[in-house]
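Notes for the structure review
Okay, here's what each chain looks like letter by letter:
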Amino acid sequence: MDLWLYIVLLVVLLLLRVPVAFAMIAPSMLYFYSQGLSPGYAISSIVNGINSFPLLAVPLFIFVGTIANHLGIATRLYDFARALLPRLPGNLAYVNLGTAIGFSWISGSALADAASTSKVQIPQMLKAGYPYGFSAGLTASGSLMSTVMPPSIPAVLFAATASISTGALFAGSILPAILMAVGLAVYIFIWVRLHPAVAVSRPFDGTLFRKALVRVIGPMMLPIIILGGIFSGWFTPTESAGIAAGYMLVLGVIYRTLSWKVFWRASKETVVISGGILLILGASNLMGQVLAREQVSRNLGEWLTALTDNPIVFLLLLNVLLILLGIFLEAPPVILVLVPILMPIIGQFGIDPVHLGVIMILNLMIGSLTPPVGAVLFVVGSITRRPMGELFRGILPFLIPLGVVLLLLTLFPAIVTIVPTWLGLL
């Protein structure tokens, strides 16, 4: 089978809304059959794609996010942020952002973050007079920090696929996630100045703050345990995911919010989400075998180096490609297919893999805010039950600060590499 015919079949299946994993597997099986290889070779490639100890962290971190959602952790974070920031004009907008920052250290998934915070914060902001577009746009945009800030599930997938240190990628993601928060905070500041009707504040209540602080100490310890253990070398990212899952169950018992029903629902969601990701991972490994046989990485590298020898220009072109792909595809399949192609190429441009990982994840997450396949968009829309067009119009202004952060990361690699270098991970 010719490579172009393979690509056409893949695109046609994706356009027909065939699940991504099966859209990869079907033409790959036909390709191997045309090459005279047995189905057993293809099946072994799929199995080898998921037979990896570091990938065990994926379902564990997914479980942490889902169980945190069911245990009401987002509500505790929201109450703490509201008690901490009452005097700021437009404080509910900053509370929304603060809750997203806190939850981003726990979940690792934008979908879990968006699902949790949308139920709590958007109704409160609407009740206080904030327009729906701003409230929903801020909630959806803030949820993206969960896939950049460690423990990020896309970062685990990227590190495993690229064969780089997950700890280094986690460390490199911290400053970019903080920049995202700063960019969104600047936009909130400007918006509140232009809408003084909602720029109300409340006096600080010390008693309320102390009660909220006590309620949030448990969740706040989780990122310290995860990142402290990884960066100190006490345990691997996979082990940290297992410890985090156990810690969340202990919190559920202490808070008396964990029941067999909650545990079953969280486990069921974890199995469904993890199964989909792992199937895509196996299928992408099979597709990678096809691309390797066709020498796609070498040919694409030669074409790009002939086009430009400037790493910044290369990254800018890659940004455009990744955002377009993120509009139509979710992050896992794009990461799993493109990373093996890009790794040999970035070596020719002298680009650090950790830098590429952070840029790639942020690009794809920005794409998840846009139709027609924006996963975060649909999660927020399904919870609020408002038209998608209205929601997307509300999100559009928030793409500006996110785009500025992406541009800064592209132009200044040190923003990504300085923390892992300081920790001795690079």
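Residues numbered from 1 in each chain as written. Predicted model: local features only at pLDDT ≥ 70, side-chain atom pairs only at ≥ 80, totals over all residues. Heavy atoms only, no water.

Considerations on the overall build of the protein
Stated precisely, the cut-off is as follows: Secondary structure follows DSSP: runs of H or I at least 4 residues long count as helices, runs of E at least 2 residues long count as strands, and numbering of each begins at the N terminus. Contacts: residue pairs with any heavy atoms within 4.5 Å of one another.
Per the secondary structure count, the protein includes 21 helices and zero strands. Of the contacts made within the protein by residues no fewer than 6 positions apart, 80% connect residues no fewer than 24 positions apart.

Notes on the domain arrangement of the protein
Keep this limit in mind: Delimitation of the domains relies on an automatic or database domain assignment. By buried area we mean the combined loss of accessible area, with a 1.4 Å probe, across both parts when two parts are placed together.
Taken domain by domain, the protein consists of domain 1 (1-37) and domain 2 (53-423). A C-alpha centroid distance of 31 Å is found between domain 1 and domain 2. Domain 1 puts 15 residues into the contact, and the matching count from domain 2 is 15 residues. Regarding the contact of domain 1 and domain 2, the summed buried area is about 1400 Å², with carbon and sulfur atoms giving 83% of it.

Some details on the packing of helix α17 (residues 353-367) against helix α20 (residues 399-411)
Helix-helix packing: each pair is described by the crossing angle between the helix axes and the interaxial distance. The cut-off we apply is this: Lines fitted to the C-alpha atoms define the axes, with helices restricted to the stretch that makes contact. Angles between their N-to-C directions range from 0 to 180 degrees. Each angle receives one of four descriptions, namely roughly parallel if under 35 degrees, roughly antiparallel if over 145, roughly perpendicular if within 65 to 115, and oblique otherwise. A clockwise turn of the near helix away from the far one marks a right-handed crossing, whereas an anticlockwise turn of less than a right angle marks a left-handed crossing. As a working rule, the residues Ala, Val, Leu, Ile, Met, Phe, Trp, Tyr, Cys and Pro are called nonpolar, Asp, Glu, Lys and Arg charged, and the rest polar, with Gly in that last group.
In contact at an axis separation of 10 Å, α17 and α20 are set at 165 degrees when each is read in the N-to-C sense. With respect to α20, the axis of α17 lies roughly antiparallel. The element α17 and its partner α20 pack so that their crossing is left-handed. When α17 is examined against α20, the residues His355, Val358, Ile359, Leu362, Asn363 and Ile366 are found in contact with a partner set consisting of Leu399, Leu402, Val405, Leu406, Leu409 and Thr410. For the contact of α17 with α20, a count of residues per class yields nine nonpolar, three polar and no charged.

What about the packing of aromatic side chains?
The cut-off we apply is this: Centre distance within 6.5 Å is the pairing criterion for rings of Phe, Tyr and Trp, where only the six-membered ring of Trp is used; planes under 30 degrees apart are then read as stacked, over 60 as edge-to-face, and the remainder as tilted. Burial classes: relative accessible area under 20% of the type maximum marks a residue as buried, over 50% as exposed, and values in between as partly exposed (1.4 Å probe, protein chains only). Comment: the charge-over-ring label is applied if NZ (Lys) or CZ (Arg) is within 6 Å of the ring centre and within 35 degrees of the ring normal.
Summed over the entire model, instances satisfying the criterion amount to 13 aromatic pairs. Relative to Phe209, the ring of Phe80 lies with its centre 5.8 Å away and its plane at 35 degrees, an arrangement referred to as tilted. Residue Phe80 is located in helix α5 (residues 73-84), and its partner Phe209 is located in helix α11 (residues 206-232); the two are separated by 129 residues in the primary sequence. No difference in accessibility class separates Phe80 from Phe209, as the two residues are buried. Three or more aromatic residues joined by ring pairs make a cluster, and in this case those are Tyr130, Phe134, Tyr187, Trp191 and Phe398. For Arg76, the ring lying beneath its charged end belongs to Tyr255, and the centroid distance is 3.5 Å.

Remarks on the pattern of salt bridges
Heads up, the rule is: Here, a salt bridge means any Lys or Arg side-chain nitrogen found within 4 Å of an Asp or Glu carboxyl oxygen.
Counting across every chain of the model gives two salt bridges. Residue Arg215 pairs with Asp79 through a salt bridge whose shortest N-O separation is 3.6 Å. Of this pair, Arg215 sits in helix α11 while Asp79 is found in helix α5, placing the two residues 136 residues apart along the sequence. Residue Arg215 is classed as partly exposed on the basis of its relative accessible area of 33%. The salt bridge partner of Glu390 is Arg386, with a shortest N-O separation of 3.0 Å. Overall, the relative accessible area of 32% leaves Arg386 in the partly exposed class.

What to know about helix α1 (residues 3-15)
Operational definition: Given a helix with a known number of residues, its expected span is that number minus one, times 1.5 Å. For this quantity, the arc is that covered by the directions from the helix axis to the C-beta atoms.
Counted at 1.5 Å a residue, the expected span for α1 with its 13 residues is 18 Å, and the 18 Å between its end C-alpha atoms agrees. Where α1 is concerned, the buried positions are Leu3, Tyr6 and Leu10. Within α1, the buried residues cover an arc of 60 degrees as seen down the axis, which keeps them to one side. Turned more than 90 degrees from where α1 packs its buried face, Trp4 and Leu15 sit exposed.

With respect to unusual backbone geometry
Pro151 follows Pro150 through a cis peptide bond whose omega is 5 degrees. Assignment of secondary structure puts Pro151 in the loop between α8 (132-143) and α9 (153-162). Look at Ser163: it is not a glycine, yet its phi comes out positive at around 55 degrees. With respect to the helices, strands and loops of the structure, Ser163 is situated in the loop between α9 and α10 (166-194).

Considerations on a nonpolar patch on the surface
Put simply, the rule reads: Patches draw on residues past 30% relative accessible area with no salt bridge. Two like charges within 9 Å are joined, as are two nonpolar side chains (Val, Leu, Ile, Met, Phe, Trp, Tyr) within 5 Å. Exposure was quantified through the Shrake-Rupley algorithm and a 1.4 Å probe, taking into account, for residues, occlusion by the shown protein chains and nothing else.
Together, Leu175, Ile178, Val182, Val186, Phe189, Ile190, Leu194 and Ile418 line one region of the surface with nonpolar side chains, adding up to about 710 Å² of accessible area. Ranked by the residues each element gives to the nonpolar patch, the list is headed by α10, at seven residues. Judged by its relative accessible area of 43%, Phe189 falls in the partly exposed class.

Notes on the packing of α9 against helix α16 (residues 331-349)
Contact geometry of α9 with α16 gives a least axis separation of 9 Å together with a crossing angle of 30 degrees. By crossing handedness, the relation of α9 to α16 is classed as right-handed. Only Pro332, Ile335, Leu336, Val339, Pro340 and Met343 of α16 make contact with α9, whose side of the interface consists of Pro154, Leu157, Phe158, Thr161 and Ala162. Tallied by class, the residues present in the contact of α9 with α16 amount to ten nonpolar, one polar and no charged.

Considerations on the nonpolar core
Soluble globular proteins tend to pack their nonpolar side chains together in the buried interior. Rules: To qualify as a nonpolar core, a set must consist of buried Ala, Val, Leu, Ile, Met, Phe, Trp, Tyr and Cys residues joined through side-chain atoms within 4.5 Å.
Formed by 138 residues in total, the largest nonpolar core has its most connected members in Ile73, Phe134, Met248, Phe314 and Met360. Looking at this core, the element that brings in the most residues is α16, giving twelve residues. Both domains that furnish three or more residues to this core are identified here as domain 1 (1-37) and domain 2 (53-423). Residues contacting Met248, with those up to four places away along its chain left out, are Val64, Ile67, Ala68, Leu71, Ile73 and Leu222.

Let's talk about the confidence of the model for the protein
How we decide: Each residue gets a pLDDT score, which is the predictor's confidence in that residue and runs from 0 to 100.
For the protein, the average pLDDT comes to 85, and 99% of its residues sit at 70 or higher. Confidence, read as mean pLDDT per element, is least for helix α14 (residues 296-307) in the protein (74) and greatest for α20 (94).

Things to note about the environment of Ile178
As for its placement among the helices and strands, Ile178 is situated in helix α10. We classify Ile178 as partly exposed; its relative accessible area is 39%. Distance from Ile178 to Asn310, taken between C-alpha atoms, is 28 Å for residues 132 residues apart in sequence.

What to know about the side chain of Ser28
Along the chain, Ser28 turns up in helix α2 (residues 20-34). With near-sequence residues (within four places) excluded, Ser28 lies in contact with Tyr6, Leu286, Met287 and Val290.

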